Amino acid sequence: MSPFTLLILLFSLGLGTIITMTSSHWLLAWMGLEINTLAIIPLMAQKHHPRAVEATTKYFLTQATAAAMLLFASTTNAWITGQWEIQQMTHPLPTTMITLALALKIGLAPTHAWLPEVLQGLDLTTGLILSTWQKLAPFTLLMQIHPTNPTLLILLGLTSTLVGGWGGLNQTQLRKILAYSSIAHLGWMTLIMQFLPSLAFMTLLTYFIMTFSTFLVFKLNNATNINTLATSWTKTPTLTALTPLVLLSLGGLPPLTGFMPKWLILQELSKQELALVATTAALTALLSLYFYLRLSYAMTLTMSPNNTSSITCWRLYSTQHTLPTATSITATLLLLPITPAVIAVMNY
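Since the structure is predicted, the reported quantities are computational estimates derived from the model, not experimental observations. (Residues numbered from 1 in each chain as written. Predicted model: local features only at pLDDT ≥ 70, side-chain atom pairs only at ≥ 80, totals over all residues. Heavy atoms only, no water.)

(A) How the structure looks around the UniProt feature "transmembrane region" (unreviewed entry) in the chain. Residues annotated by UniProt as "transmembrane region" (unreviewed entry) correspond here to residues 57-80, 151-169, 190-218, 238-261, 273-293 and 326-346. The span residues 57-80 shows a helical share of 100% and a strand share of 0%, and its end C-alpha atoms are spaced 34 Å apart. Structurally, residues 151-169 comprises 89% helix and 0% strand, and the distance from its first C-alpha atom to its last is 28 Å. (UniProt positions renumbered as here; feature names shortened; annotations may be inferred. Helix = DSSP H or I, 4+ residues; strand = E, 2+ residues; numbered from the N terminus.)

If you want it as structure tokens, here you go:
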């Protein structure tokens, strides 16, 4: 792909998201989502591999279904109430339909089945865009509408945390594990969205930082499955020592950055007298923690079998830039002390 084409696609990707985030009219928001989808499809299919083409086709069909459902629901809302404004959703039928359409767009359970399959067919760079930037526009729409049935978001959130933890247990492919991790984290955000939207958005940004560093680590090691991780110790020992901390941050263990959003979400759920929901979410986090520990074990405590007497892998020097990796890993590990400042900003 030529740099000029890539620049146009990336510009369209950013433009579609910004249009959706800044719009107050459903047709404009729908247009932004469509620009976003059409811009990422050439990026997904650029490898000309059967798996990439299959993943692109699945993604296109899923996003087209969600977009058609969203357009139908917003038209129904205009027909019933005479309103096209995003924040004027008052009727329960179109509001529920739009919530489910946006859940399908970002991959919330039970409409999650496309996400692991699509992510598995992509390279790590495109997978990173799909796991982070592509969630932003639908998520801001979800935050703007006020569901008439608050139980729906709680059910979607709990199902996603459970499916995200349960589905990743038996996986050996890193991209599928990261897809289930994405589903679980989105479940946490959905749980808190209607009570404290600022906390949900902060959780989304924290998830972006942690996922960015995880994808960059796997890209630097050229790793796509668990067995490949065992060879990373001889290639990049310092990075291998830091990666388990990044994975445990994704799992939400203190004193790492990933603990902050989970802690604040459980605290807010308890304030809303949803102790059972908070307990269930905390228990499902243990399922996710298991496969992060499994990756950490494979990366640091196992050695790949070597036929030669040498313990150092023969390799060419990597030409990849390591500054983004170093910056994102630092943010993934060390942002917990700023929690009081984050709370102050959210309450402002």
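(B) Spotlight on the packing of helix α7 (residues 133-144) against helix α10 (residues 197-221). Relative to each other, α7 and α10 sit at 175°, their axes nearing to 12 Å. On the basis of the axis angle, α7 is roughly antiparallel to α10. Each of W133, L136, F139, T140 and M143 in α7 lies in contact with α10, whose residues at this interface are P197, A200, F201, L204 and F208. Taken together, the residues of the contact of α7 with α10 break down into nine nonpolar, one polar and no charged. (Axes fitted to C-alpha atoms, helices over the stretch in contact; angles between N-to-C directions. Parallel < 35°, antiparallel > 145°, perpendicular 65-115°, else oblique. Contact = heavy atoms within 4.5 Å. Nonpolar A, V, L, I, M, F, W, Y, C, P; charged D, E, K, R; others polar.)

(C) Structural context of the side chain of S160. For S160, the position within the fold is in helix α8 (residues 150-167). A polar contact is formed between the side chain of S160 and the backbone oxygen of L156, at a distance of 2.8 Å. Contact partners of S160, with chain neighbours within four places excluded, come to L108, A109, I183, A184 and G187. (Polar contact = N/O pair within 3.5 Å; in protein donor to acceptor, adjacent residues only side chain to side chain.)

(D) Inspection of the pattern of salt bridges at higher detail. All told, the structure shown has three salt bridges when counted by the stated rule. In this structure, E117 engages K58 in a salt bridge whose closest nitrogen and oxygen atoms are separated by 4.0 Å. Residue E117 is found in helix α5 (residues 114-120), and its partner K58 is found in helix α3 (residues 50-81); the two are separated by 59 residues along the sequence. The class for E117 is partly exposed, based on a relative accessible area of 37%. One salt bridge connects E117 with K176, and the closest N-O pair in it is separated by 3.4 Å. Taken together, the positions of E117 in helix α5 and K176 in helix α9 (residues 174-193) put the pair 59 residues apart, joining distant regions of the chain. (Salt bridge = Lys/Arg side-chain N within 4 Å of Asp/Glu carboxyl O. Buried < 20%, exposed > 50% of the residue type's maximum accessible area, 1.4 Å probe, protein only.)

(E) Quick look at the packing of helix α1 (residues 3-22) against helix α2 (residues 26-44). Running from amino to carboxyl end, α1 crosses α2 at an angle of 155°, the nearest separation of the two axes being 7 Å. Our classification of the angle between α1 and α2 gives roughly antiparallel. In this structure, the crossing between α1 and α2 has a hand that is left-handed. Taking contact as the criterion, the partners of L6, L9, L10, S12, L13, G16, T17, I19 and T20 in α1 are, on α2, L28, A29, M31, G32, L33, I35, N36, A39, I40, P42 and L43. By residue class, the composition of the contact of α1 with α2 is 14 nonpolar, six polar and no charged. (Left-handed = near helix turned anticlockwise from the far one by under 90°.)

(F) Just α2, in detail. With 19 residues, α2 extends 27 Å from end C-alpha to end C-alpha; this agrees with the ideal 27 Å at 1.5 Å per step. W26, A29, G32, L33, N36, T37, A39, I40, I41, L43 and M44 are the residues of α2 that are buried. At its buried positions, α2 is contacted by α1, α3, α4 (92-106), α5, α6 (124-131) and α7. (Expected span 1.5 Å × (residues − 1).)

(G) Expanded view of the environment of H48. Structurally, H48 is set in the loop between α2 and α3. What makes H48 exposed here is its relative accessible area of 71%. Spatially, the C-alpha atom of H48 lies 22 Å from that of F218, the residues being 170 residues apart in sequence.

(H) Seen up close, the side chain of K262. Tracing the backbone through its elements, the reader meets K262 in helix α14 (residues 259-271). Within the buried core, K262 has no salt-bridge partner, and the shortest N-O distance to an opposite charge, that of E268, equals 17 Å. For K262, the residues in contact, after removing those within four places along its chain, are H185, W188, L250, G251, G252 and A285. (Lys, Arg positive; Asp, Glu negative; His and termini not counted.)

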